[in-house]
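# Residue-level structural notes
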Amino acid sequence: MPNLFTDPSDIGLTRYGWTETLDNAFAEHREAGLVPARIARVDRGLCDAVTESGPVRAALTALYSPDPLLAPCTGDWAALRPGREPELVALLPRRSAIVRSSSSRTSHGQVLAANIDTVVVAVSLATALDAARLERLLALAWDSGARPLIVLTKADLAADTDAVHAEAGELAPGVDILVTSVATGQNIDVLTASLSGTTVLLGPSGTGKSSLGNALLGDELLAIGEVRARDGKGRHTTVRRELVPLPGGGVLIDTPGLRGISLYDAADGLEQVFAEIERLARDCRFGDCSHNTEPGCAVQAAIQAGELTKRRLGSYRKLQRENAWAASRTDARLRGERTNRQKAITSHLRATYKFRDQQS
């Protein structure tokens, strides 16, 4: 794991994002003899965390949850019980989080990173832009509560950066886009200056996330793998999410390349990604317009006028269906859990009454 400190004397938590608000929220834990810590990496029931006194290796047993959405993750702030065997015993509420559907294909959500300020969506200019994948990543980013920033990487390998920049702009209303190259140093200083607080790198393997991260860190701290020439895909050199401090302040979270990008309760994110469709829909004649053949449909009128593409509308519908399906599975699971709890309570009461009857 990369060294958590660039300067051994700089071990305070302020540079890791600790604020007066967090300090006030931690008062009860401090009275109990606990100390604040930020999770830098989670690894098999243990974690590397940063405290006011330096890095520690701590147990996570007390925070176990069968729901991945509630499990500790990189970026979380926690209460740590110090001692010979440090242990995290409570998590502080998250102010933002990147959440996707669990890779296990259950109805649970999985948190990729917590308490973040900027989501850097890395897109390689060395291959054709995948519009649908970018829309998915932006939905995750917007829904997290953090600021999305598209970074077009590998500009030195691109034939026409302006064309890709324009295409990405059409897919990402309201999102800043920056063209970069680690090989030539193009706009790395601009990117560095635009980041503050906690930044997370998001994108599939092969987009140059780790190379970009190393450029921001000013050192080769993150592993880099080779990329296949035929499709621009790379191996997962980053196998776990990890948090490291940036030289100019703030911290960086590198994430493994995402193969599957399934949405989880991302309605707000979809509204942001497809803001122009949401805006057009408000002008439809019917409030429940499905944007197919209804008269007075402003969305279909925009397609006929060349202001909106059929692909864009199709992607919007597909992601809405996927998100609704994930939400329905979650609702079904919660109903099932409530039913099981009620059955257990009923069974316990019956057993209690039966025992009482036998004693009388």
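Above this text you will find the structure in question.
Calculation notes
In every chain, residue numbers begin from 1 and rise along the written sequence. Whole-chain, interface and lining totals are the exception, using all residues; otherwise, since this is a predicted model, local features are given only for residues with pLDDT of at least 70 and side-chain atom pairs are given and counted only at 80 or more. Only heavy atoms go into the side-chain values, all of them from the structure, while hydrogens and water stay out. Helical segments are the DSSP runs of H or I of at least four residues, strand segments are the runs of E of at least two, and each set is numbered from the N terminus. Contacts: residue pairs with any heavy atoms within 4.5 Å of one another. Note on areas: Shrake-Rupley, 1.4 Å probe, and residue coverage restricted to the protein chains presented here. Salt bridge, as applied in this entry: a Lys or Arg side-chain nitrogen positioned within 4 Å of an Asp or Glu carboxyl oxygen. Relative accessibility decides the category of a residue: with a 1.4 Å probe and only protein chains considered, values under 20% of the type maximum give buried, values over 50% give exposed, and everything between is partly exposed. Take the buried Ala, Val, Leu, Ile, Met, Phe, Trp, Tyr and Cys residues and link them wherever side-chain atoms come within 4.5 Å; each set so joined is a nonpolar core. The length a helix should cover is 1.5 Å for every residue beyond the first. What qualifies as a polar contact is a pair of N or O atoms within 3.5 Å, subject to a donor-acceptor requirement within protein and to the restriction that residues adjacent in sequence count only when both atoms come from side chains. Two strands are counted as paired when DSSP detects at least two bridges linking them. Structural elements are reduced to axes, namely lines fitted to C-alpha atoms, with helices fitted over the stretch in contact, and the angle between N-to-C directions of any two is expressed from 0 to 180 degrees. Two aromatic rings, drawn from Phe, Tyr or Trp (for Trp, its six-membered ring), form a pair once their centres lie within 6.5 Å of each other, and the interplanar angle then sorts them: stacked below 30 degrees, edge-to-face above 60, tilted otherwise.

## Focus: the overall build of the protein chain
Counting its secondary structure elements, the protein chain contains ten helices and 13 strands. By sequence separation, contacts in the protein chain at least 24 residues apart represent 66% of the contacts at least 6 residues apart. Put simply, the protein chain shows about 18,500 Å² of open surface, and 49% of that area lies on carbon and sulfur atoms.

## A look at the pattern of salt bridges
Counting across every chain of the model gives eleven salt bridges. Two residues, R312 and E135, come together in a salt bridge whose shortest N-O distance is 2.7 Å. With R312 in helix α10 (residues 310-359) and E135 in helix α3 (residues 131-143), this pair connects stretches of sequence that are 177 residues apart. Per residue, the accessibility class of R312 equals that of E135, and both read buried. A cluster of three or more residues bridged by salt bridges with shared partners is formed by R41, D43, D48 and R57.

## Notes on the nonpolar core
Grouped burial of nonpolar side chains is what soluble globular proteins tend to show. Counting residues in hydrophobic clusters, the biggest one holds 62 residues, and the most contacted among them are V119, L134 and I150. At seven residues, α3 tops the list of elements feeding residues into this core. Every residue in contact with I150, bar those within four places of it in the chain, is listed here: V121, V123, L134, L138, A172, V175, D176, I177 and L178. Counting 14 residues, the second largest nonpolar core, distinct from the first, contains L149, I188, L195 and V244.

## Some words on α3
Its 13 residues give α3 an end-to-end C-alpha distance of 18 Å, which sits within 8% of 18 Å, the value for a rise of 1.5 Å per residue. Its side-chain oxygen at 3.3 Å from the backbone nitrogen of A132, D130 defines the N-terminal cap of α3. Looking one or two residues past α3, G145 carries a phi angle of roughly 95°, positive in sign.

## Concerning unusual backbone geometry
Only a minority of non-glycine residues have a phi that is not negative, and only a minority of peptide bonds are not trans. Non-glycine residue R44 carries a positive phi angle of around 55°. As for its placement among the helices and strands, R44 is situated in the loop between β1 (35-43) and β2 (46-51). Residue classification places R44 among the exposed positions, given a relative accessible area of 78%. Backbone geometry places K154, a non-glycine residue, at a positive phi of 60°.

## Regarding the sheet that holds strand β13 (residues 251-254)
What the six strands build is an open sheet, ordered β10-β9-β8-β11-β13-β12; its pairing is mixed. Of all the strands in the sheet, just β10 (176-179) and β12 (242-245) have a single pairing partner and so form its edges. Averaged over neighbouring strand pairs, the angle between their axes works out to 25° when direction is ignored. Bridging between β12 and β13 involves four bridges; their strand directions are antiparallel.

## Topic: the pairing of β12
Burial along β12 is two-sided: the residues E242 and V244 and L243 and P245 are all buried. Following β12, the chain reverses through five residues before pairing antiparallel with β13; G249 in that reversal takes a positive phi of roughly 110°.

## Quick notes on the side chain of T74
Mapped onto the secondary structure, T74 falls in the loop between β3 (54-59) and β4 (77-81). In this structure T74 comes out as buried when scored by relative accessible area, which is 3%.

## Let's talk about the environment of L270
By the secondary structure assignment, L270 is in helix α7 (residues 267-273). Linking L270 and A141, residues 129 residues apart in sequence, is a C-alpha distance of 10.0 Å.

## Some remarks on helix α6 (residues 209-217)
Most of α6 is tucked away: eight of the nine residues are buried. Residues of α6 that are buried: K209, S210, S211, L212, G213, N214, L216 and L217. For α6, the elements touching its buried residues are β8 (118-124), β9 (147-153), α5 (188-194), β11 (198-202), β12 and β13. One or two residues past the end of α6 sits G218, with phi positive at roughly 75°.

## A closer look at the environment of D268
Here D268 is to be found in helix α7. As a C-alpha pair, D268 and D143 span 125 residues in sequence and 5.7 Å in three-dimensional space.

## Things to note about the packing of aromatic side chains
Counted by the stated rule, this structure contains three aromatic pairs. Both rings, one in F274 and one in Y316, keep their centres 5.2 Å apart while their planes meet at 55°; by these two values the pair is tilted. Residue F274 is located in the loop between α7 and α8 (275-281), and its partner Y316 is located in helix α10; the two are separated by 42 residues in the primary sequence. Taken individually, F274 and Y316 each receive the classification buried, so the pair is uniform in this respect.

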